[in-house]
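Now for the letters of each chain:
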Amino acid sequence: MANAKKKFFVWSSVLIGIVIGLIASMGVADALHATGSGFICTVCHTMDPMNAAYHEDIHGGKNKLGIKAECSACHLDHRSAYTYVLTKLKVSINDGYKTFFTNTDKIDWRKKREHASHFVYDSGCLTCHSNLKNVIQAGKSFLPHRDYFVFGNPDKKSCVDCHNHVGHKDLGLYIDKFEAMKNQENNKTK
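All values derive from a computational prediction rather than experimental measurement. (Residues numbered from 1 in each chain as written. Predicted model: local features only at pLDDT ≥ 70, side-chain atom pairs only at ≥ 80, totals over all residues. Heavy atoms only, no water.)

## Description of the overall build of the protein chain
Part 1 of the reasoning: Across its full length, the protein chain holds eleven helices and zero strands.
Part 2 of the reasoning: Taken over the C-alpha trace, the protein chain has a radius of gyration of 22 Å; the compact-globule value for 190 residues is 16 Å, which it surpasses by more than 25%.
Part 3 of the reasoning: Seen through its principal axes, the protein chain has C-alpha atoms that stretch 80 × 55 × 35 Å.
Part 4 of the reasoning: Put simply, the protein chain has 190 residues, and 25% of those count as buried.
Part 5 of the reasoning: Looking at the protein chain alone, contacts between residues at least 24 apart form 64% of all its contacts between residues at least 6 apart.
Part 6 of the reasoning: Of the roughly 13900 Å² of accessible surface on the protein chain, 64% is carried by carbon and sulfur atoms. (Helix = DSSP H or I, 4+ residues; strand = E, 2+ residues; numbered from the N terminus. Rg over C-alpha atoms; globule rule 2.2 N^0.38 Å. Buried < 20%, exposed > 50% of the residue type's maximum accessible area, 1.4 Å probe, protein only. Contact = heavy atoms within 4.5 Å. Areas by Shrake-Rupley, 256 points an atom, 1.4 Å probe, with all protein chains shown as cover.)

What follows is the structure, encoded as structure tokens:
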């Protein structure tokens, strides 16, 4: 009889643990998804030019279907759940620290754009554009993408090395406007 009680306790504990684990993992997944949206990512004033340019881009909803790619679709590593969460933590900690503890007015956004491949992950591009490899082999886009897909990307180019204006249409113009407004505000306070 005591042996049956032990088995019941062990199996019920395992079942309860599985249910709690599933509920917790769904909560974590929902939190990761909710915090990867444009609302959270653009909450600080520093991201205004990127947000405005994003909303004018095909990826920001300016397309026939109105489909949007969330910030996390491009700016997080999608190779695995582990790399996704690790990248999200790294980016969140870095951006949070810079937003609250540094002078964000000193960020050189033009210089950062030169290193876009550090902030955009091919795995994110290929998550949405998963059919690209098959379409390319049959279409006119084959030659520009041949090295990437057929030869394993020997030049180590990322998607944004060639598609350097993707995601944020006319970002340079929005950065210029943002800096001009910032300069006007600074001149008024002097």
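## Observations concerning the UniProt feature "binding site: heme 4" (unreviewed entry) in the protein chain
Part 1 of the reasoning: What UniProt calls "binding site: heme 4" (unreviewed entry) maps, in this numbering, to Cys 159, Cys 162 and His 163.
Part 2 of the reasoning: Inspection of the secondary structure puts Cys 162 in helix α10 (residues 159-162).
Part 3 of the reasoning: With respect to the helices and strands, His 163 occurs in the loop between α10 and α11 (171-189). (UniProt positions renumbered as here; feature names shortened; annotations may be inferred.)

## Some details on the nonpolar core
Part 1 of the reasoning: Counting seven residues, the largest nonpolar core consists of Met 50, Ala 53, Ile 107, Trp 109, Leu 171, Tyr 174 and Ile 175.
Part 2 of the reasoning: Mapped onto this core, the elements with two or more residues apiece are α3 (48-55) and α11.
Part 3 of the reasoning: Among the elements that take part in this core, α11 stands out by supplying three residues, more than any other.
Part 4 of the reasoning: Leave out the neighbours within four places in its chain, and Ala 53 touches Gly 167, His 168, Lys 169, Leu 171 and Tyr 174. (Core = buried A, V, L, I, M, F, W, Y, C linked by side-chain atoms within 4.5 Å.)

## Some remarks on the domain arrangement of the protein chain
Part 1 of the reasoning: When the domains of the protein chain are assigned, the result is domain 1 (1-36) and domain 2 (46-189).
Part 2 of the reasoning: For domain 1 and domain 2, the distance between their C-alpha centres works out to 38 Å. (Domains from an automatic or database assignment.)

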